[in-house]
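Inside the fold
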Amino acid sequence: MYTLKQCCSPRKSVFNAVRRDTVLDLTDLISEKIDPESFFEENYRTDGMRRLLLGAFERFEKKSDQGIFLLTQSMGGGKTHNMIALGLLAKFPKLREKVLSDDYRGEIGPVRVIGFTGRDTDEKYGIWGAIAQQLGKTEVFKDYYAPLSAPGPAAWINLLKGEPILILLDEMPPYFEHAKAKTIGDSNLSTVTTTALSNLLIAANKAVL
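Cut-offs used in this document
- Residues numbered from 1 in each chain as written.
- Predicted model: local features only at pLDDT ≥ 70, side-chain atom pairs only at ≥ 80, totals over all residues.
- Heavy atoms only, no water.
- Salt bridge = Lys/Arg side-chain N within 4 Å of Asp/Glu carboxyl O.
- Buried < 20%, exposed > 50% of the residue type's maximum accessible area, 1.4 Å probe, protein only.
- Helix = DSSP H or I, 4+ residues; strand = E, 2+ residues; numbered from the N terminus.
- Contact = heavy atoms within 4.5 Å.
- Phe/Tyr/Trp six-rings, centres within 6.5 Å; stacked < 30°, edge-to-face > 60°.
- Core = buried A, V, L, I, M, F, W, Y, C linked by side-chain atoms within 4.5 Å.

Some thoughts on the pattern of salt bridges
If the charged atoms of two oppositely charged side chains come close together, the side chains can form a pair. Taken as a whole and assessed by the stated rule, the structure comprises eleven salt bridges. Of the charged contacts, one joins Lys63 and Glu61 as a salt bridge, the two residues approaching to 3.2 Å between their closest N and O atoms. We classify Lys63 as exposed; its relative accessible area is 60%. Notably, a salt bridge pairs Lys142 with Asp143, separated by 3.6 Å at the nearest N-O pair. The class of Asp143 is exposed, set by a relative accessible area of 56%. A single network of salt bridges, built from pairs that share partners, joins Arg45, Asp47, Arg50, Arg51 and Asp103.

Right, dumping it as structure tokens:
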């Protein structure tokens, strides 16, 4: 019987203390701080990741009506990792054949990638304002900033129409906990955000945006 040491040859990066202590999040993806080639060289495509990637690209190509994917792994289970993988493949078409091999034969070009992490609790105009800003369409939601109010499904569809868009939301529990303390009229930011995101999900599940 072979020992683990005989069966496995760890990459040199495993012994690099700087690389080992690096924890990526969605802000690294959005700000283009992740080298896509290096990312996929260092990571293994699991079956769960494969199903997420293929399902998302079917939606981008309008071959599926499923516009929402809920990742339910436990803490530390790879949710952010999977989102980053999807975001990189969405942004860089040339990587798709290498990573997905024979599983994917689509021809869609680069997909616009938007992301929000709930650690950004100081977002002035709410999650909807952050999404609009990343799209370069801040003015489209100008009526929902002062006071902060939730865009409806039609408003979301108007914001998102015109091109395939991937919206990634991560670390939301800390955001909602913080938002409870921010009063908005007779309510609070947590409640308003819940309504805004519910309306976003309705918009995202439409067959065509």
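Notes on the environment of Gly118
The residue Gly118 is located in the loop between β1 (112-117) and α8 (126-134) in this model. In this structure the C-alpha to C-alpha distance between Gly118 and Asp102, which are 16 residues apart in sequence, comes to 36 Å. Apart from residues lying up to four places away in sequence, Gly118 is in contact with Asp170, Glu171, Met172, Pro174 and Tyr175.

With respect to the packing of aromatic side chains
Inspection of the entire model under this criterion finds eight aromatic pairs. Centre to centre, the rings of Phe39 and Phe40 are 5.1 Å apart; their planes meet at 85 degrees, and the pair counts as edge-to-face. The pair formed by Phe39 and Phe40 is uniform in burial state, with each residue classed as buried. Here Phe141 and Tyr144 contribute two aromatic rings whose centre-to-centre distance is 5.4 Å and whose plane-to-plane angle is 80 degrees, an arrangement assigned as edge-to-face. We classify Phe141 as buried; its relative accessible area is 0%. What links up through ring pairs into an aromatic cluster is the set Phe57, Phe60 and Tyr104.

Focus on the nonpolar core
In this structure, Phe40, Phe57, Phe60, Leu89 and Leu166 are the most contacted members of the largest nonpolar core, which totals 28 residues. Mapped onto this core, the elements with two or more residues apiece are α3 (26-30), α4 (36-41), α5 (47-60), α6 (79-91), α7 (96-100) and β2 (165-170). Setting aside chain neighbours within four positions, we find Phe40 in contact with Ala85, Leu88, Leu89, Leu95 and Val99. By size, the runner-up hydrophobic cluster in this structure holds 26 residues, among which are Ile131, Tyr145, Leu148 and Leu189.

What about the environment of Ser9?
Within the secondary structure, Ser9 is located in the loop between α1 (4-7) and α2 (17-20). Between the C-alpha atom of Ser9 and that of Thr27, which follows or precedes it by 18 residues, the distance is 32 Å.

The quantities given are spatial measurements derived from coordinates; they are silent on function.
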